[in-house]
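# Tertiary structure, described
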Amino acid sequence: MSPLPSPPPEPPGTGRVHSLDLISTLVAVLRGADGTVQFANAALENTLGLSRRTLEGADFASFFTDPALLQTALAGARGKDFSALRYEASLKRLHQDPVPVHVSVADAEQAGEILVELWPLEQQARQDREERLRDQAQAHKELIRNLAHEIKNPLGGIRGAAQLLEMELESRELAEYAQVIIHEADRLQSLVDRLLAPHRHPHLVSDVNIHEVCERVRALVLLEYPQGLTILRDYDTSIPEFRGDRAQIIQAMLNIVQNAAQALCERMLQGVAEITLRTRVVRQVTFGRQRYRLALELHVIDNGPGVPEAIKERIFYPLVSGRDGGSGLGLTLAQTFVQQHRGLIECDSVPGRTDFRILIPLP
């Protein structure tokens, strides 16, 4: 019996190609002799709007607004003038404005090759902001959870004492004061329960259809605000289902849409209040310091007055609210539920247009 033929060898550099495609940094491997592109990773393809086949063999310096900067850096690399050189430049993009980037030029592992890494400055700033927000959110969650536990025990004692006091009081007026204490204790207990909610319930995973979620939330909010509010649909029906906790996704989205509706009360009186639910698929997107091949992009857009400037940077913090009587927990819980799906919520707000953008990885 003849032996089975051995599998064909992988093309040279296949492992490197695969690993560089998984990172969010823009990477080009250049031929040291002339600066032409030997390899461009997926992140660089996506930013330039050009395919890898188009990029390979091209003069990489021609993709910069000032090619001389890279040409000088490559000459220094060939002459071994430095081990690594960093500078800032602008990278051209197809049918778009140039993007400012931080450039690093260094020798590659293989002889005769030069590695060029680029970090878009805007993307770097956004990633730093995302990381800071995650760290702050985690610190606030721990603080609030510990505080809520500390409040629960004395709160129960206050309520119990007020009930006993009410039974002993003969004066109806004084008994009403005891009722006030009981009602306020119940209100605070409800607040504490909401603070602890994300940590109490198990994560129930199933297939989630985001458009079923949108329609459920839309129906609930229109029942609450039947007059003067229009909720528009702008769906990409090709979006696949994903694994997640359906109840948490519904609650997160409901909190955001209700928040938008509450900001539109004055416009509802005029009959011009609008909320748009928009779903899209984004490809090769980076958030949370990780690159995803596909992600759900869900927008909740309203034409309200916008987020007050004083709290714009703190709207996801616990107990921060721009509305009189608001608990300041709706957006905090929404961010927590989305983060439990490895996702992120961002907000872009100006008077007349507030856009909450939810990103969740897709399979």
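Our structure is the block above this text.
This write-up is about the structure you can find in this document. (Residues numbered from 1 in each chain as written. Predicted model: local features only at pLDDT ≥ 70, side-chain atom pairs only at ≥ 80, totals over all residues. Heavy atoms only, no water.)

## Let's talk about the pattern of salt bridges
Here the structure, examined in full by the defined rule, presents 12 salt bridges. For the salt bridge of K80 with D107, the shortest nitrogen-to-oxygen distance reads 3.0 Å. With a gap of 27 residues between them, K80 in the loop between α4 (67-78) and β3 (84-93) and D107 in strand β4 (residues 96-107) connect regions that are remote in the sequence. Between D186 and R159 there is a salt bridge, and its shortest N-O distance comes to 2.4 Å. (Salt bridge = Lys/Arg side-chain N within 4 Å of Asp/Glu carboxyl O. Helix = DSSP H or I, 4+ residues; strand = E, 2+ residues; numbered from the N terminus.)

## Considerations on the sheet that holds β4
Hydrogen bonds along the backbone pair up the strands of a sheet, which may run parallel or antiparallel. Spatially, the 5 strands line up as an open sheet ordered β2-β1-β5-β4-β3, and their pairing is antiparallel. Bordering the open sheet on either side are β2 (37-40) and β3, each of which pairs with just one other strand. On average, each strand axis in the sheet is tilted by 30° relative to the strand beside it, whichever way the strands run. In this sheet, strand β5 (residues 113-120) lies alongside strand β1 (residues 26-31) in antiparallel orientation, the contact comprising 6 bridges. Looking at the pairing, V29 lines up with L115 of β5. Strands in contact with α4 are β1, β3, β4 and β5; relative to β3, the strand with the most contacts, it is inclined by about 150°. (Pairing = 2+ DSSP bridges. Axes fitted to C-alpha atoms, helices over the stretch in contact; angles between N-to-C directions. Contact = heavy atoms within 4.5 Å.)

## Quick look at α4
Owing to its 3.6 residues per turn, the α-helix aligns residues three or four sequence positions apart on the same side. With 12 residues, α4 should cover 16 Å at 1.5 Å per step; its first-to-last C-alpha distance of 17 Å lies within 8% of that length. Of the residues making up α4, those classed as buried are L70, A73, L74, G76 and A77. For α4, the angular spread of the buried residues around the axis is 160°, confining them to a single face. Residues of α4 that are buried make contact with β1, β3, β4 and β5. (Expected span 1.5 Å × (residues − 1). Buried < 20%, exposed > 50% of the residue type's maximum accessible area, 1.4 Å probe, protein only. Arc of directions from axis to C-beta.)

## Here's the deal with the packing of aromatic side chains
All told, the structure shown has 2 aromatic pairs when counted by the stated rule. For the ring pair F60 and F64, a centre distance of 5.3 Å and an interplane angle of 90° mean the geometry is edge-to-face. For the pair F60 and F64, one class covers both residues: buried. Site record: aromatic cluster; members linked through ring pairs are F60, F63 and F64. (Phe/Tyr/Trp six-rings, centres within 6.5 Å; stacked < 30°, edge-to-face > 60°.)

## Examining the environment of V257
Along the chain, V257 turns up in helix α8 (residues 246-263). Judged by its relative accessible area of 1%, V257 is buried. Leaving out residues up to four positions away in the same chain, V257 has contacts with V217, V221, I275, L277 and V300.

## Concerning the pairing of β2
Across 3 bridges, β1 lies against β2 in antiparallel orientation. What sits directly across from V29, in β2, is F39.

## Observations concerning the nonpolar core
With 44 residues, the main nonpolar core has I210, V221, L229 and I275 as its most contacted residues. If you list the elements that add at least two residues to this core, you get α7 (210-224), β7 (229-234), α8, β9 (273-287), β10 (290-302), α10 (330-339) and β12 (353-361). With 9 residues, α8 is the largest single contributor of residues to this core. Formed by 28 residues, the second largest nonpolar core is a distinct cluster that contains F63, F64, A73 and L91. (Core = buried A, V, L, I, M, F, W, Y, C linked by side-chain atoms within 4.5 Å.)

## Focus on the packing of α8 against α10
Contact pair α8 / α10: the axes reach a minimum separation of 8 Å and the direction vectors enclose 145°. In the crossing of α8 with α10, the sense of the turn from one axis to the other is left-handed. Here α8 contributes Q248, Q251, A252, N255, I256 and N259 to the contact with α10, which in turn contributes G330, L331, L333, A334, F337 and V338. Of the residues contributing to the contact of α8 with α10, the split by class is 7 nonpolar, 5 polar and no charged. (Left-handed = near helix turned anticlockwise from the far one by under 90°. Nonpolar A, V, L, I, M, F, W, Y, C, P; charged D, E, K, R; others polar.)

## Comments concerning the sheet that holds strand β11 (residues 344-350)
As summarised here, the arrangement of the 5 strands in space is β7-β9-β10-β12-β11, forming an open sheet in which the pairing is mixed. At either end of the open sheet lies a strand with only one pairing partner, and these are β7 and β11. Strand-to-strand twist in this sheet, taken as the mean axis angle between neighbours without regard to direction, amounts to 20°. Note: β10 against β12, 8 bridges, orientation antiparallel. Across the sheet, the residue bridging to L296 is I360, located in β12. Relative to the sheet, α7 contacts β7, β9 and β10, its axis offset from that of β7 by approximately 170°. Contacts between α8 and the sheet are confined to β7, β9, β10, β11 and β12, with β9 contributing the most and set at about 135° to the helix.

## Details of the packing of α7 against α8
Packing of α7 against α8 brings their axes to within 9 Å, and their N-to-C directions diverge by 40°. Of the possible angle classes, the one that applies to α7 and α8 is oblique. The interaxial crossing formed by α7 with α8 has right-handed handedness. On α8, the residues touching I210, E212, V213, C214, R216, V217, L220, V221 and E224 of α7 are R246, I249, I250, M253, L254, V257, Q258 and A261. Residue composition of the contact of α7 with α8, by class: 12 nonpolar, 1 polar and 4 charged. (Parallel < 35°, antiparallel > 145°, perpendicular 65-115°, else oblique.)

## As for unusual backbone geometry
Of note in the backbone geometry, R342 takes a positive phi value of approximately 65° without being a glycine. Within the element layout of this structure, R342 appears in the loop between α10 and β11.

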